[in-house]
Every structure is written in C-alpha cells, then in structure tokens.
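Secondary and tertiary structure notes
Residue-level listing of the chains:
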There are 2 protein chains.
Amino acid sequence: MTKRTRSAKRAGRKPRPKFSLAQRPFAQLRNPYAPLEVVDAEAVELLHDASMRILEEVGLEMLSGEARELMVEHGARIDPKSGYVRIGREIVMEKIAAAPREFTLHARNPARNSTYGGNHINFSIVSSPPNCSDLDHGRRAGNFEDYCKFLKLGQVFNIVSVIAGYPVEPADLPVHTRHLDAYLAFITLSEKPWHVYSLGNGRVEDGLEMVRIARGVTNEQLRREPSILTVVNTNSPLKVDKPMLEGAMTMARHGQPVVVTPFTLAGAMSPVTLAGALAQQNAEALGVIALIQMAAPGAPVMYGGFTSNVDMKSGSPAFGTPEYAKAALAGGQLARRYGLPYRTSNVNASNCVDAQAAWESEMSLWSAVMAHGNMIKHSGGWLEGGLCASFEKLIIDMEMAQMMAETLAPPEVSEETLALDAIREVGAGGHFFGSAHTIARYENAFYAPLVADWRNFETWQEAGSEDAARRANTLFKKILEHYEPPPLDPGIREELEAYVARRRAEIRPE
Amino acid sequence: MTKRTRSAKRAGRKPRPKFSLAQRPFAQLRNPYAPLEVVDAEAVELLHDASMRILEEVGLEMLSGEARELMVEHGARIDPKSGYVRIGREIVMEKIAAAPREFTLHARNPARNSTYGGNHINFSIVSSPPNCSDLDHGRRAGNFEDYCKFLKLGQVFNIVSVIAGYPVEPADLPVHTRHLDAYLAFITLSEKPWHVYSLGNGRVEDGLEMVRIARGVTNEQLRREPSILTVVNTNSPLKVDKPMLEGAMTMARHGQPVVVTPFTLAGAMSPVTLAGALAQQNAEALGVIALIQMAAPGAPVMYGGFTSNVDMKSGSPAFGTPEYAKAALAGGQLARRYGLPYRTSNVNASNCVDAQAAWESEMSLWSAVMAHGNMIKHSGGWLEGGLCASFEKLIIDMEMAQMMAETLAPPEVSEETLALDAIREVGAGGHFFGSAHTIARYENAFYAPLVADWRNFETWQEAGSEDAARRANTLFKKILEHYEPPPLDPGIREELEAYVARRRAEIRPE
C-alpha cells in the first residue's frame, strides 16, 4: 500500500480510482483453426512453377555487388545483357530449406518474448507513415513527440507483441542521427521487440549494439536469441536496392530475422491478374530469402505478402479489397508450402476514421488471420494506405485485434458450460440474469470492449452522440495520461545513453 | 433508342449519361471454401446430446393446443406439472430427417430464383426495425414511405436475393390491413422472394394468395415451388408463442419454408456460457422443426442461429462480438450435422454509421460466410441492434456484401493469368500500367467499389472530406432517383389490387 492510499484511507476518503484498460493479460496468441485455402493444391504448384521460371528465365536486378557475387558463388548466373541475377529452382529450394520454420524474438523483458511461425499470431502497430493525425490537431508531419506517443500506446496494449518499424517518421530529428533517438525510445518506452530499417550497415549495427546493451547479453547470445527484426521491401518489379540487401545480409549474419516483403500492387508494380502478381511476389520473396540463406544459412526469415491492387481509375493503391484478401490468403498457402513464417498486414485506404477504415481493416484482418499470418503488421493506427498514423485508428484497431484474439479461443464445451441445470432451473420464459450459473461467471464471461458502445440510442444520444472515432480520441489520451514506462535497469540506461552520445558525436551528416 | 436520345444526337449533343451502379449482374452466390469449425466433432456431439436432454428432460412450452396435440400424436409427452412438451431424441431425429437439405425460392421473375442449402449464400436486407434513419432527416418511426424506399434499394442491388421481412415497420398504416399494403409493395416494387410474419393464419393466408396471384400459378404449383418464407422466433428460453406456431404450420402445409430462429442472448435468455446458449438454441430450433415436419413432412425449413451475448454491465444486447462470431460458426456446424440449410445474420449494435457499425458488421459477415450461412439476414441497413434501419448503413452493407461475394471467387491461376510474358516484357523496375496484358483486362480486373474512396488525402479533402456515411447518403438518394419498378403484367397487378381491396373491406380491426 502506498503512502498516498494509506493517508487517503486514514482520512476516510477513497483513493483515486486507478485507470484500468479493458484487456486480457499479455499472452502468445495462436490460431487453433484451419487456414482458409483460396486456391487448390494444383494452383499452388502452378504459382510455384511460374515464380521459379521468373527466377530462372528473367531474374532479379540485385543492386549490390556483394549480393551478386554471393549469388554467383552459390550457382546463380548474371545475364550479360540485363545484368539480372538468374537462379535455378534447385538452388533456391535448397537454400530456403535451411531457414527455420519458427523462431522467437527475445524482448528485453523475457515475459514479452514472441514466436513467429506455425499457428502463432503477433500484432504490431503501424509503421513508417510520414504523417500522423488525431481529431484534436488534425493531420501533421511525423515528429518525435508523436512517435513516442505511439510507442507508449504500443507498450500498453497487451495484444501488441512487436514494434515492427517507426510508428510515424520522427521527421523533426536530424536524419543522420534520427535512428539513435528512435532506438533509444523503442527501448525505454517499450519492452517489446523492435525493428531497424535496412538502410545501410551503420544504422543496422547501431541497432544490434543497442539491443545487445538493452538485453544485457553478449554478441554470441544475441546471435542465438534474435531480438530485433528488419523488413526488406523489394523495389517491385524484380529489383532490390543496395542498402536493403546489405542491411539484410548484416542482420542475417547476426542471427536477426529478416522479413522479405515484395510490394506487388497488381496493375502497377505487378501484373493486373492476381495469379501474376502472386507469382511475382513469390519470385521476389524467395529470391531474396535464398540470398539471405547464402549469407547466413539457417538465419531466421519471414515470407512477406503485400499484394493488393490499384484503383484503375485513379492509379491509387487500394487496400482491404477482395483482391487484397485473396492475395493474403494465397500468400499464406505459399509460405506454408515452403515452411516459412508468414507476414501479412492490417491495412485500409480510408482518409479518416470512418466505416470504410473499419471494413477495409476487418477484410485485411480476417484474411490475415485465416491465412495463418504469423506477424500482422500495421495492426494499430494505419490510415490512408499507409501515409498517415492515426491515434484514433490505433484504438479501433486494438479493439478489432482484441476481438479477433477472443474469437480465436474456441468455446469450451463441457458438462459445466452446457449448463443443463441452469436451463432446468430457469425454465420456459424465465431469465438467466439471476441464476447461480450466471452469477458465478458473468464478470469474465464475455469480451469487454474498449470503445464499442452498446448503450441504447437514447442513452447514447443524451451522452453526446459520440461516434467510435470520438470515443477513441478520449481513450487514447486517457491511456497516455496514465502511461508508465516499463522498468529499466539504471546501469543499462546509462550505458545506452553513453552509446547514443558517443555515436551522435561520431556520425557525420550524409 | 428513345425520342429524347435521338433528338439529342441529332442536335450533336451527348445524351444525359445514364446512372449506372457499380455492381456485378445478379447471380446465385456460392461459397467454394471450406467452412470454419470453431469446435471439434466431439464438442458438436456434446452440444447435440445436451440439446436432446433439454427436449427430453425439460421440454418446450408450446402455446398452441394444436401444436401440442400434434406432438403428442407423434410420441411426445406433456409434463403434467409444467405443461411443457417433452420429446425423445429418436422422434426428433426421425422428423428432422424428412426436411430437405436444399430448396429453391421461386421469385415472380424466375431469373431471381434463389437456392438455400449446401454452399449457397443469399443476402437479405434488414427486417423488422421499428425506426429508420438517414443523415438528412435523422431517426424517425417507421412509415410506409421509408418502407417502400428500402424495398426499392433491395430490388436494385443484385447482391440481395431475398426480402426476409419488413425492412422497417410501416407503422403509419392501420394495423389490421398493414400486411396487405406491405405485401403489395413487396410484389410491385421488387421481383425477389419475400416474407410473411407468422402472426396468425389470416396474414399468412393473405400472403400465400398474393404470391400465388403474383406468380400466376395454381396452389398446387405454389406448394411444389416455394415462393415466400417466414421466420419463427422462439420466445427463449424454451417457449414458443401460439401465432408463431400456427403460422409456421400453415406455411409448412402450403410447402413454404419456415426459418426457425431462437433468439438466445447468452446471459439473458440463455445461459451465460456459449455452450449452454448453443445447446438451448439447438433444442429450441430442432423442437420446432420437428413439429413442422409433423405438420407437413418434407416441408422446407432452415435452422436459424441467433446466439449473441448481453453487455453484463448494462444488460444491452451486443452483436458482432467474438461470442456472436463463435456462436454463428458453431451454429453452422450444428446445421450441417442435421443436413439443414442455415440462416445467420449481419448485425451490429452501433447507434450511428461509424467504424463500430462496420467492424461489428464485418465480424458478423465473416463468421456468417465462414459458417456457410445460406441466408444472411439483415445484410442491408441494420443498426442499433435491430432497432433502426439506416439508409446509409444499407449502402455500406451492400459494399461489404459485394466485397465478400468477390472474395468468394477464387483467383484464376492459368498460363494466361500467371502473366510471365508481361513480367518478362516489363522487366525490373518497370511498370505494368501500359502493358498489353493490363490493357486487355484492366476494366474488369478488380472489384469496383460503391462508396469506398481511394483518392489521396489532399484530393479527398479538397472534395469536402466526406466520410463513408456521407458518401452513402448521396448514393442512396441517387439510386432512388433513378429507380424503375420491375415489369409486372397489368392483369396480375389488377388482380392483386382487387384482392387487396376486397380483403381491406373484409378485415375488421382487431
């Protein structure tokens, strides 16, 4: 009992009620249901074969000499005319077979470790938008203050198990040292595993060193126990940039997971047909994963799927569409064919926190879950096709993710829960509110919502007719007001701060 | 060519562009994917056994002497103390085995026939709310003008295959003849199969006669070709009202389908545990279906599931919750166990057309579809847990249903769609907008949205920052403005009007 509550009690006053969020304890989520297969086994083989032909007959433009050399060493050929790297299917399949089916990300608090692969599910909050918004101050360029607020929200919600990128670009920080501040905030404001961008080796190595310090482990232990991840996006079609490739190889050589996600927008960066877009996605993902396994056999990787379609009228990317859902589901089938953990996303293209934002997100979320996605990126706050991180959308996404988690807990069917005695006791036309069976269970019987409002219309109207976005606005501010940083050993904090200070002085503006 | 367009052409002016809705042609929708099973086979048997014990050991309160007599004739017993009808599992199983696995509803336009059972899916618009609303005029009591508007919208959307009740109560019409106006509007404003409420035999028989006239068939043909349906809700727990029972028996004797849907809100009208609520749902549904099969062996029926939970704080019903989703999925498993077509719903408890309305609806919709629901009721306009029919929500629901239909079309994987030639042609770093493969397909390549707005933020903002509900408001009015009633033979119209006039004079206020 704290001094404050003691003295409040002594004075006969009640202590200020502690704010408590409607959520279940942190736990590793699993999907106990069978995945949904949108294409049959034969179609999976056709997709596989087409992607192998792309790698064999067209090739990938790998913009790193080191990567090209490594691939040639392992049997690939450089097409003299295009300079693309062509690689036979036997080599690809042999290399990707070395990747683990499952791996665990080690958080600085071991109670927050999370596993990727099999039927595990992990939600991360939004990453990488240039802008952010809330209903109070509207849309603005990303900045470090908002960046920190998003991290705090990601820390508080137990449904979030990983921070897979900058929730918004902290664009007010100097570019050349921005990553140092960003990493320090990851470590101090959250205790969950985090992410470095593969933008060259310097940033990656700072991340590796800072996570090592944060966990208080040796380089060797860090290699055995992966703790940070990176996402490599190909520059579709068929091109992979140099910093991405080199960052990925460095991460892999340190035993840290690389998520390889082609961004194959059908009709723009890939064929207008889903099959063509998926074949290209598969070729790009497997080509880069094969390279990673050449650089570091057995390094953890994830197969990323991000096939969606453009609006053929405006050329705008669309998300959470039927095409997106089917591609996410087929992507899961491909990842399972290769025994690779699968990364998907919760995305939408709405410009505000309205019904569209929710229906497109739910389309993404259901397809991600039914695809057995192991990491569902952007599951908190993504808006505008990824150009804006919204505080209200984050809350709504947390509700949707929590609801999904609860849906993934099969109903218990037993003599106790079948409740024949209660049914007998209540009889025809009675009600169960007061029955002993209800009273013993009602407190935790059902999912408790964050912002869903189930009051009747009149009560809701009298209370101000607030829609879900407005209620989410109130909630995110309340959470931030009550936020408490997770404990961090003062020695470790000092070491991290000293590292950042030293590196800040060393790194020259680019 | 009309005179107007001819003269417009002659004058060198373009004719006024005809309004066309972004939708696919009418087609019977099927679900090609495997259903999602939330409980295992053993749990299904436990649920079955518990529901049989409820029927054997507790019984149902059947508030119709005719129904009780019929059940006793077929081997049921009346418990002397409670008066409940108890019935052995052998009798129940034998009776429900007579029900068809699948049946077709015959529309007055045969091109709008729809089939229930197997993997068929049929969407109906909202039914039975006392209120309706739109953004222009707010919330108001149901009335005949709004009733007709909803029917017109239901007729226009090809994704709707059945009108399963009054979309809103036309409360401004006199109670005793209201059904005559309601039925005439069903027939004249729409050409899709419709619904009569089982509120005593008079209303049911008027419906049977009017649909017979509308289709221009004999009673015998109508019996062979069901054309209207009714939904029987039990008065849970374990009670069934007299007009419901008698209407159901009359419908069945005329060969028309009866949907039996217990409304088992866990924690209120059924046990707080999902297993208990489902056991009770199953007992009530099978008990009434057995009665129907006693009245008319082989009559078409549907197994209805409507188990959700109450908010244990306020006692308000909640919809589209994780509990709702799991109950809908388990309900599908039960319906399949008995070989019965399955009815589910698209529901939510929001008080406005916001993100909550959409996420709860998508939770309902995905679970209904993954449960292999054959009729998904309330799939256009339901709001406030069914107390309000919203015009904007109807449009948004149509978008969600259309998107689901598109998701249920597996991607075609073939040499053509794998598009290797296009991938080869475009090469690394190119784009597919201008490729021959894209140009040949772009017009119908992707789902075309009704109200989703995929423009970038700046363009959207300049155009007025309208959210999805506001855009839906514009669209529903535009559709109504361009609505044209489906053709109806003038002789049939005359006969219907004469019937209504005669019955209006005959029926005395109750």
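Residues numbered from 1 in each chain as written. Chains lettered and ligands numbered in written order. Predicted model: local features only at pLDDT ≥ 70, side-chain atom pairs only at ≥ 80, totals over all residues. Heavy atoms only, no water.

**So, the overall build of chain A**
The line we're drawing: Numbering of helices and strands runs from the N terminus, with a helix taken as a DSSP run of H or I at least four residues long and a strand as a DSSP run of E at least two residues long. Radius of gyration: C-alpha atoms only; globule rule: 2.2 Å multiplied by the number of residues to the exponent 0.38. Burial classification: accessible surface area is computed with a 1.4 Å probe over protein chains only, and a residue below 20% of its type maximum counts as buried, one above 50% as exposed, and the rest as partly exposed. Whether two residues are in contact is decided by their heavy atoms, any of which lying within 4.5 Å being enough.
Assigned secondary structure in chain A consists of 19 helices and 22 strands. Its C-alpha atoms give chain A a radius of gyration of 24 Å, near enough to 24 Å, the size a compact globule of 510 residues would have. Counting only C-alpha atoms and orienting by the principal axes, one finds that chain A spans roughly 80 × 60 × 45 Å. Evaluated residue by residue, chain A yields a buried proportion of 65% over its 510 residues. Considering only residue pairs separated by 6 or more positions, chain A has 76% of its internal contacts joining residues 24 or more positions apart.

**Re the state of the cysteines**
Let me state the cut-off plainly: Only a pair of cysteine sulfur atoms within 2.5 Å counts as a disulfide in this structure description.
What the rule picks out here adds up to zero disulfides over all chains. Distance from the sulfur of Cys388(A), which forms no disulfide, to the nearest cysteine sulfur (Cys132(A)) is 6.5 Å.

**With respect to the sheet that holds strand β18 (residues 317-318) of chain B**
Two orientations exist for strands paired in a sheet by backbone hydrogen bonds: parallel and antiparallel. Residues and elements named next belong to chain B. This is how it is decided: Any two strands with at least two DSSP bridges between them are considered paired.
With respect to topology, three strands assemble into an open sheet ordered β15-β17-β18, the strand pairing being mixed. Each end of this open sheet is capped by a strand with a single partner; those strands are β15 (265-266) and β18. Here two bridges tie strand β17 (residues 308-310) to β18, and the two strands are oriented antiparallel to one another. When the bridges of β18 are listed, Asn309 appears paired with Ala318.

**Overview of the interface of chain A and chain B**
The parts lose accessible area when they come together, and the size of an interface is often stated as this lost area. Counted only if it meets this: By buried area we mean the combined loss of accessible area, with a 1.4 Å probe, across both parts when two parts are placed together. We define a salt bridge as a side-chain nitrogen of Lys or Arg found within 4 Å of a carboxyl oxygen belonging to Asp or Glu. Whenever two N or O atoms come within 3.5 Å, that pair is a polar contact, provided that in protein one can donate a hydrogen and the other can accept it, and provided that, for residues adjacent in sequence, both atoms are side-chain atoms. Each residue receives one of three labels: charged for Asp, Glu, Lys and Arg, nonpolar for Ala, Val, Leu, Ile, Met, Phe, Trp, Tyr, Cys and Pro, and polar for the others, Gly being one of them.
Contact with chain A, which involves 108 residues of that partner, is made by 108 residues of chain B. Considering only the surface of chain A that becomes buried against chain B, Trp359(A), Phe446(A) and Trp454(A) emerge as the three largest contributors, covering 10% of it. At the boundary of chain A and chain B, one finds six salt bridges. Put simply, Arg424(A) and Glu57(B) hold a salt bridge, and the shortest N to O gap is 3.2 Å. Seen at the junction of chain A and chain B, the total is 36 residue pairs in polar contact (both at pLDDT 80 or more). Top element by residues in the side of chain A that touches chain B is helix α12 (residues 355-370) of chain A. It accounts for 10 residues. For the side of chain A that touches chain B, the residue count by class is 62 nonpolar, 22 polar and 24 charged.

**A few points about the packing of helix α11 (residues 322-338) of chain B against helix α12 (residues 355-370) of chain B**
Residue and element names in this part refer to chain B. So the rule is basically this: With axes taken as lines fitted to C-alpha atoms, and helix axes fitted only over the stretch in contact, angles between N-to-C directions fall between 0 and 180 degrees. Put simply, angles under 35 degrees are roughly parallel, angles over 145 are roughly antiparallel, angles from 65 to 115 are roughly perpendicular, and the rest are oblique. Definitions for this section: a left-handed crossing has its near helix turned counterclockwise from the far helix by less than a right angle. A right-handed crossing has that turn clockwise.
At a minimum axis distance of 8 Å, the contact between α11 and α12 shows a crossing angle of 15°. Relative to α12, the element α11 lies roughly parallel. For α11 against α12, the interelement crossing comes out right-handed. Contact residues: α11 offers Pro322, Tyr324, Ala325, Ala328 and Leu329, while α12 offers Met363, Ser364, Ser367 and Met370. Here the contact of α11 with α12 is composed, by residue class, of seven nonpolar, two polar and no charged.

**As for the confidence of the model for chain A**
All names here are of chain A. Just so we agree on the cut-off: Per-residue confidence from the prediction method is given by pLDDT, with values spanning 0 to 100.
For chain A, the average pLDDT comes to 95, and 96% of its residues sit at 70 or higher. In the model, residues 1-12 has pLDDT below 50 throughout and makes six contacts with residues more than four positions away in sequence or in other chains. Reported confidence for the predicted complex is 0.96 by ipTM and 0.96 by pTM.

**Considerations on the relation of the copies chain A and chain B**
Mapping between the two copies of the chain is achieved by a rotation about an axis and a shift along the axis. Heads up, the rule is: In superposing the copies, a least-squares fit is computed on C-alpha atoms, taking residues whose pLDDT is at least 70 in both.
In screw terms, the move from chain A to chain B is a rotation of 180° and a rise of 0.0 Å along the axis, fitting with an RMSD of 0.0 Å. As the rotation angle and translation indicate, the two copies are arranged about a two-fold axis. Taking C-alpha positions as the reference, the residue of chain A nearest the rotation axis is Ala355(A), at 2.1 Å. An overlap of 100% is found between the interface residues of chain A and their copies at the interface of chain B, pointing to a shared contact surface.

**Quick word on the pairing of strand β7 (residues 120-124) of chain A**
Residues and elements named next belong to chain A. Of all five residues that make up β7, five are buried, and the element is covered over most of its length. Along β7, one buried face is formed by His120, Asn122 and Ser124 and the opposite face, lined by Ile121 and Phe123, is buried too. When β7 meets strand β20 (residues 375-377), the two strands line up parallel, connected through two bridges. In the sheet register, Asn122 faces β20, and the bridge partner there is Met375. By the bridge criterion, two bridges tie β7 to strand β10 (residues 160-162) in an arrangement that is parallel.

**Brief notes about the environment of Glu225(A)**
All names here are of chain A. With respect to the helices, strands and loops of the structure, Glu225 is situated in the loop between α8 (219-224) and β12 (228-234). Classification of Glu225 by relative accessible area gives buried; the value is 19%. It is 43 Å that separates the C-alpha atoms of Glu225 and Lys81, two residues lying 144 residues apart in sequence. Contact partners of Glu225, with chain neighbours within four places excluded, come to His106 and Arg215. Of note is the side chain of Glu225, whose polar atom sits 2.4 Å from the side chain of Arg215.

**Looking at the nonpolar core**
To keep things clear, this is the line we draw: Here, nonpolar core means buried Ala, Val, Leu, Ile, Met, Phe, Trp, Tyr and Cys residues that are tied together by side-chain atoms lying within 4.5 Å of each other.
Core analysis: the largest hydrophobic core is formed by 329 residues, its most contacted members being Phe157(A), Trp359(A), Phe157(B) and Trp359(B). Ignoring anything within four residues of it in the chain, the contact list for Trp359(A) reads Ala358(B), Glu362(B), Ile396(B), Glu399(B), Met400(B), Met403(B), Val451(B), Ala452(B) and Ala468(B).

**Some remarks on the pattern of salt bridges**
Applying the stated criterion across every chain, the model contains 62 salt bridges over all chains. A salt bridge links Arg503(B) to Asp206(B); the nearest nitrogen and oxygen atoms lie 2.6 Å apart. Highlighted residues: Arg503(B) in helix α19 (residues 490-506) and Asp206(B) in helix α7 (residues 201-215), separated in sequence by 297 residues. As far as the burial class goes, Arg503(B) and Asp206(B) line up, both buried. Linked by salt bridges that have partners in common, Arg53(A), Glu57(A), Glu415(B), Asp421(B) and Arg424(B) make up one network.

**Some details on the packing of aromatic side chains**
Centre distance and the angle of the planes are the two values used to describe a pair of aromatic rings. For clarity, the threshold we go by: Classification of ring pairs uses Phe, Tyr and Trp, with its six-membered ring standing for Trp, and accepts pairs whose centres are within 6.5 Å; under 30 degrees between planes counts as stacked, over 60 as edge-to-face, and the remaining range as tilted.
A full pass over the atoms with the stated rule returns 37 aromatic pairs over all chains. Relative to Phe186(A), the ring of Tyr166(A) has its centre 6.1 Å away and its plane inclined at 50°; by these criteria the two rings are tilted. Of the two residues, Tyr166(A) is situated in the loop between β10 and α6 (178-189) and Phe186(A) in helix α6; the sequence distance between them amounts to 20 residues. No difference in accessibility class separates Tyr166(A) from Phe186(A), as the two residues are buried. Arranged with centres 5.6 Å apart and planes meeting at 10°, the rings of Trp366(A) and Trp366(B) form a pair that is stacked. Residue Trp366(A) is located in helix α12, and its partner Trp366(B) is located in helix α12; the two belong to separate chains. We classify Trp366(B) as buried; its relative accessible area is 2%. Through pairs of rings, three or more aromatic residues link up here, namely Phe144(A), Tyr147(A), Tyr166(A), Tyr183(A), Phe186(A), Trp194(A) and Tyr197(A).

**A look at the sheet that holds strand β9 (residues 138-141) of chain B**
All names here are of chain B. Sheet architecture is open: four strands sit in the order β9-β8-β22-β21, paired in mixed fashion. Each edge of the open sheet is held by one strand with a lone partner, namely β9 and β21 (382-383). By the bridge criterion, three bridges tie strand β8 (residues 131-134) to strand β22 (residues 388-390) in an arrangement that is parallel. The residue of β22 that forms the bridge with Asn131 is Cys388.

**Overview of the side chain of Ser127(A)**
Here Ser127(A) lies in the loop between β7 and β8 (131-134). Sequence-distant contacts of Ser127(A), that is, excluding residues within four places in its chain, are made with Ala164(A), Gly165(A), Tyr166(A), Pro167(A), Tyr197(A), Lys377(A) and His378(A).

**Considering unusual backbone geometry**
With omega at 0°, the peptide bond leading from Ser236(A) into Pro237(A) counts as cis. With respect to the element layout, Pro237(A) can be found in the loop between β12 and β13 (239-240). Located in the positive-phi region is His378(A), a residue other than glycine, with phi close to 65°. In this structure, Ala419(B) is a non-glycine residue whose phi angle is positive, near 60°.

**So, the packing of helix α6 (residues 178-189) of chain B against α7(B)**
Residues and elements named next belong to chain B. Running from N to C, α6 and α7 point in directions that differ by 25°, and their axes come no closer than 10 Å. The angle between α6 and α7 falls in the class roughly parallel. The handedness of the crossing between α6 and α7 is right-handed. Between α6 and α7, the residues in contact are His179, Leu180, Tyr183, Leu184 and Ile187 and Arg203, Asp206, Gly207, Met210 and Ala214, respectively. When grouped by side-chain class, the residues that make up the contact of α6 with α7 number six nonpolar, two polar and two charged.

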